[in-house]
Amino acid sequence: MSKLSIITINYNNASGLQRTIESVAAQQYSDMEYIVVDGGSTDESLEIIKQHEKFINKWVSEKDNGIYNALNKGIKMATGDYLLFLNSGDHFYDSAVLNKYHHHIEKEDLIAFDIHFFGPGYNKIGKHIDNLNFTFLFEDTFAHQSIFIRRNLFDKVGLYDETLKIVADWKFFIHAIVFHRSTYKAVHEVLSTYYLDGISGSPEGVILRNKERKTILKNDFSLFYDDYINAKKNRKLLAMNRFVMLQQLEKSYLGRKCSSLVLKFMTQFS
């Protein structure tokens, strides 16, 4: 059994912190440490930490320099074989997930579980892809709250880039896989619930994420950047053309007479 380090960062989110701590405390996994990094909150967060100290192995409450500075503090405090970042407000999917799925947490550097996304008008299970490709790495990322990261990977790749506001974890993952050939597997079991109320889900967060990603891609993957942009444009154009073709087919006499099997065959390429 691998030793697991669960790390929670928090700033002035007392109610969310309470939910996260209770979720971790409910797990019965025998070899786990829990670390809470608070950014010097002025609400009731510190009281909640002290109330639950028997479930917390290490904690600190002090001013930090942002999300990734706080995460890096947690990494330095961690002694587990694998690390999971379960931030304030998010929680494990149920009280037994670690015991049920711990046998998956071995060998690979990155182990990505399914995740439950929850927010106003949104309730969906997200699944990581089984076989990584460069398009996924460029355009998407792993759900941070649902991926176990081997601890020594941070020694190889480095800590999170604290000059970034919102995509340092994405940069870490793409560097780990492309430059360090880190191993990966997807596990299609739901590990955690992520609430869509943070900065990354806001309109401002989307704009900032796109801006920071573009800068990293142009700086670190300049040889491929123009080809990637052109390929992306071509994929969008191809998808649009196929969509128009299907609409025309459906309106035609042939479209009305086509069997659902034929239409299914056509739509699989859209």
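Residues numbered from 1 in each chain as written. Predicted model: local features only at pLDDT ≥ 70, side-chain atom pairs only at ≥ 80, totals over all residues. Heavy atoms only, no water.

**Q** Report on the packing of aromatic side chains, specifying residues and quantitative values.
**A** In this description, a pair of aromatic rings is defined by centroid distance and the angle of the planes. Scanning the entire structure with this criterion turns up 18 aromatic pairs. Aromatic side chains F134 and F221 sit 5.9 Å apart centroid to centroid with 75 degrees between the ring planes, which places their arrangement in the edge-to-face category. Taken together, the positions of F134 in helix α5 (residues 134-139) and F221 in the loop between α8 (203-220) and α9 (222-251) put the pair 87 residues apart, joining distant regions of the chain. A relative accessible area of 2% means that F221 is categorised as buried. Judged by centre distance (5.5 Å) and plane angle (55 degrees), the rings of F136 and F142 are tilted. Judged by relative accessible area, F136 falls into the buried class, the value being 9%. Aromatic ring contacts, followed pair by pair, group Y68, F85, F136, F142, F154, Y160, F172, F173 and Y184 into a single cluster. Over the ring of Y195 we find R19, and its NZ or CZ is 4.0 Å from the ring centre. (Phe/Tyr/Trp six-rings, centres within 6.5 Å; stacked < 30°, edge-to-face > 60°. Helix = DSSP H or I, 4+ residues; strand = E, 2+ residues; numbered from the N terminus. Buried < 20%, exposed > 50% of the residue type's maximum accessible area, 1.4 Å probe, protein only. Lys NZ or Arg CZ within 6 Å of the ring centre and 35° of its normal.)

**Q** Please provide a residue-by-residue account of the environment of S15, values included.
**A** Position of S15 among the secondary structure elements: in helix α1 (residues 14-25). Residue S15 is classed as exposed on the basis of its relative accessible area of 59%. Distance in space between the C-alpha atoms of S15 and S45 is 8.0 Å, their sequence separation being 30 residues.

**Q** An account of the pairing of strand β7 (residues 122-126) is requested, with residue identities and associated values reported.
**A** Alignment of strand β6 (residues 110-119) against β7, held across five bridges, turns out to be antiparallel. When the bridges of β7 are listed, F118 appears paired with N123. In textbook terms, the turn of a hairpin is the stretch between consecutive antiparallel strands, and for β6 and β7 this stretch comprises two residues, one of which, G121, has a positive phi near 70 degrees. (Pairing = 2+ DSSP bridges.)

**Q** Which residues make up the pattern of salt bridges, and what values do they have?
**A** One pass over the structure, following the stated rule, counts eight salt bridges. Between E33 and K58 there is a salt bridge whose closest N-O contact spans 3.9 Å. Within this pair, whereas E33 is found in strand β2 (residues 32-38), its partner K58 is found in strand β3 (residues 58-61), the two being separated by 25 residues in sequence. Assessed through its relative accessible area of 5%, E33 is described here as buried. K58 gets classed as partly exposed once you look at its relative accessible area, which sits at 29%. Residue D94 is joined to K100 by a salt bridge in which the shortest nitrogen-to-oxygen separation is 2.9 Å. Residue classification places D94 among the partly exposed residues on the basis of a relative accessible area of 28%. Taking the relative accessible area as the measure of exposure, K100 reaches 38% and is therefore partly exposed. (Salt bridge = Lys/Arg side-chain N within 4 Å of Asp/Glu carboxyl O.)

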